[in-house]
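Structure assessment
Residues per chain are reported as follows:
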Amino acid sequence: MKKVIYLLLWSFTCANALQAQRLSTADSMQMLKQLDTLRLLADTILNGRTEDARQPASDRFIPILVRTLKAKYSFDFPFDSLRSISVQYPQDSTFRIFTWGLENESGFYRHFGAIQMNTKNGELKLFPLFDNSDYTTNTDTVTDNHGWYGCLYYKIQQQHFFNREYYTLFGYDANNMRSTKKVLDMLTFKNGKPVFGGPYFSFAEDTVPKPTRKRFIVEYNKNATISLSYNAEMDMIVYDHLISATNEPGKPYTYVPDLDYEGFKWKDGKWVHIEKVFHDALPLGKFPVQLPQDQRKKNLMRPQTAEEMEAEKATKKRKNK
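One structure accompanies this document, and this report is about it. (Residues numbered from 1 in each chain as written. Predicted model: local features only at pLDDT ≥ 70, side-chain atom pairs only at ≥ 80, totals over all residues. Heavy atoms only, no water.)

1. Some remarks on the pattern of salt bridges
What counts is decided by this rule: By convention in these notes, a salt bridge is any Lys or Arg side-chain nitrogen within 4 Å of a carboxyl oxygen on Asp or Glu. Each helix is a run of H or I in the DSSP string that is no shorter than four residues. Each strand is a run of E no shorter than two, and both are numbered from the N terminus. Using a 1.4 Å probe on the protein chains alone, a residue whose accessible area is under 20% of its type maximum counts as buried, one over 50% counts as exposed, and one in between counts as partly exposed.
Applying the stated criterion across every chain yields a total of 8 salt bridges. Notably, a salt bridge pairs D36 with R39, separated by 2.3 Å at the nearest N-O pair. Here R39 and D36 lie together in helix α2 (residues 25–47), a separation of 3 residues that amounts to about one turn. Exposure remark for D36: the relative accessible area of 39% places this residue in the partly exposed category. Salt-bridge contacts for R215 lead to D185; the nearest nitrogen and oxygen are separated by 2.8 Å. Pair noted here: R215 is in the loop between β10 (210–213) and β11 (216–221) and D185 is in strand β7 (residues 179–190), with a separation of 30 residues, a long-range link. Considered together, R215 and D185 belong to a single accessibility category, that of buried residues.

Written out as structure tokens, the structure reads:
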């Protein structure tokens, strides 16, 4: 019995649940028990062999997660061992976002999520996210949590402008059998409620100016890998420039990176587009042909660039020597 108690306390410490004193020990222990069930369901959501296995797991996961979060000061429980569900925090930790994707039999993905607010009294304030991306052809919209453009978030970058906080969300959408998408969305709060999108992605400084976008989405070939992230050293968002490998610009699933880069710089409360981040790109019309990647080896929870994958392989080789 003592050994069981010791193991439970050790697990509790490893989960860093004791780092916040507001969460009671009793609630923490109960949340750890529920975490075991959540981990099993989350693994099935991501790795279940059929939709008949994945869908029920997602359906069960949602109410158990909500029940777990009802513990007072549950925001202090990190969920850092819930590996197959993305949990992202902004720099100010005023909220966190849970997101995950569910693949159906046709290869399309539907996303689920929730925003948990960090409340002063510890009571649960939760905004469920309803994926509306499959039901709209107009992605240039401002929506609430009921019209969410669903994706799996892998980063949140916080900006401050005129006494207001702006949260740039970096999203990944495995999309379908032919293409993948990456998404930049802006999250703000109005009267305490989440607002997605807005006139925050400006192309006014382009050689040929284009209308401001409320949401920025890039779609590309399933076998390609691109980067879209915030570069702290450059203090800007940097992403791969894409071209059609088959000279069919109307077909996003033909798009691949050409070793050139674009970006966005935060100016006066907007992300202003930079047409060319570096000036040593390949000659016009030349682009590398990437080797197809084994989709089974892609980690949907940790999207990587080709460079990151190669660096990881090199590190593993050095460790194995």
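2. Re the packing of aromatic side chains
Keep this limit in mind: Side-chain rings of Phe, Tyr and Trp, where Trp is taken by its six-membered ring, are said to pair if the distance between their centres is within 6.5 Å; with planes under 30 degrees apart they count as stacked, over 60 as edge-to-face, and otherwise as tilted. We count a charge as sitting over a ring when the NZ of a lysine or the CZ of an arginine lies within 6 Å of the ring centre and within 35 degrees of the ring normal.
What the rule picks out here adds up to 20 aromatic pairs. With centroids separated by 5.7 Å and ring planes inclined at 55 degrees, the aromatic side chains of Y166 and W266 adopt a geometry described as tilted. On the criterion of sequence distance, the pair formed by Y166 in strand β6 (residues 164–173) and W266 in strand β14 (residues 255–267) is long-range, its members being 100 residues apart. Y166 gets classed as buried once you look at its relative accessible area, which sits at 8%. Judged by its relative accessible area of 18%, W266 is buried. Ring plane angle 75 degrees and centroid distance 5.0 Å describe the contact between F216 and F264, whose orientation is recorded as edge-to-face. A residue pair is termed long-range when its members are at least 10 positions apart, and F216 in strand β11 and F264 in strand β14 qualify at 48 residues. Overall, F216 belongs to the buried group, its relative accessible area being 4%. Put simply, the rings of F201, F203, F216, Y239 and F264 pair up and form one aromatic cluster. Across the ring face of F75, the terminal group of R96 is positioned such that the distance to the ring centre comes to 5.0 Å.

3. Let's talk about α2
Stated precisely, the cut-off is as follows: Under the convention used throughout, the expected extent of a helix is 1.5 Å for every residue step, that is, one less than its residue count.
Across its 23 residues, α2 extends 33 Å between first and last C-alpha, which sits within 8% of the 33 Å expected from 1.5 Å per residue. Buried residues of α2: S28, M29, M31, L32, Q34, L35, L38, L41, A42 and I45, and no others.

4. Observations concerning the environment of D131
So the rule is basically this: Contact definition: two residues touch when any of their heavy atoms are within 4.5 Å.
Of note, D131 is situated in the loop between β4 (126–130) and β5 (152–161). With a relative accessible area of 4%, D131 lands in the buried category. Sequence-wise, D131 and G113 are 18 residues apart; in three dimensions their C-alpha atoms are separated by 8.4 Å. Setting aside residues up to four positions removed in sequence, D131 forms contacts with R110, H111, W148, Y149 and G150.

5. Side note on the sheet that holds strand β3 (residues 109–117)
Which entries qualify depends on this criterion: Strands are treated as partners if at least two bridges between them are detected by DSSP. In this analysis, axes come from line fits to C-alpha atoms, helices being fitted only over the stretch in contact, and the angle between any two N-to-C directions falls in the range 0 to 180 degrees.
Spatially, the 4 strands line up as an open sheet ordered β1-β2-β3-β4, and their pairing is antiparallel. Edge positions in the sheet fall to β1 (86–88) and β4, since each has one partner strand and no second. This sheet shows a mean twist of 15 degrees between the axes of neighbouring strands, independent of strand direction. Relative to strand β2 (residues 95–103), β1 runs antiparallel, the two sharing 3 bridges. Each bridged residue has a counterpart across the sheet, and for S86 the counterpart in β2 is T99. Each of β2, β3 and β4 touches helix α3 (residues 51–69); the most contacted strand, β2, lies at about 165 degrees to it.

6. What about the sheet that holds strand β13 (residues 236–244)?
As summarised here, the arrangement of the 6 strands in space is β10-β9-β15-β14-β13-β12, forming an open sheet in which the pairing is mixed. Both outer strands of the open sheet, β10 and β12 (228–231), are each paired with one neighbouring strand and no more. Looking at each pair of strands side by side, their axes are set apart by 30 degrees on average, direction ignored. Sheet analysis places β14 next to strand β15 (residues 270–274), joined by 5 bridges and oriented antiparallel. Within β15, the position partnered with K265 by the bridge is V272.

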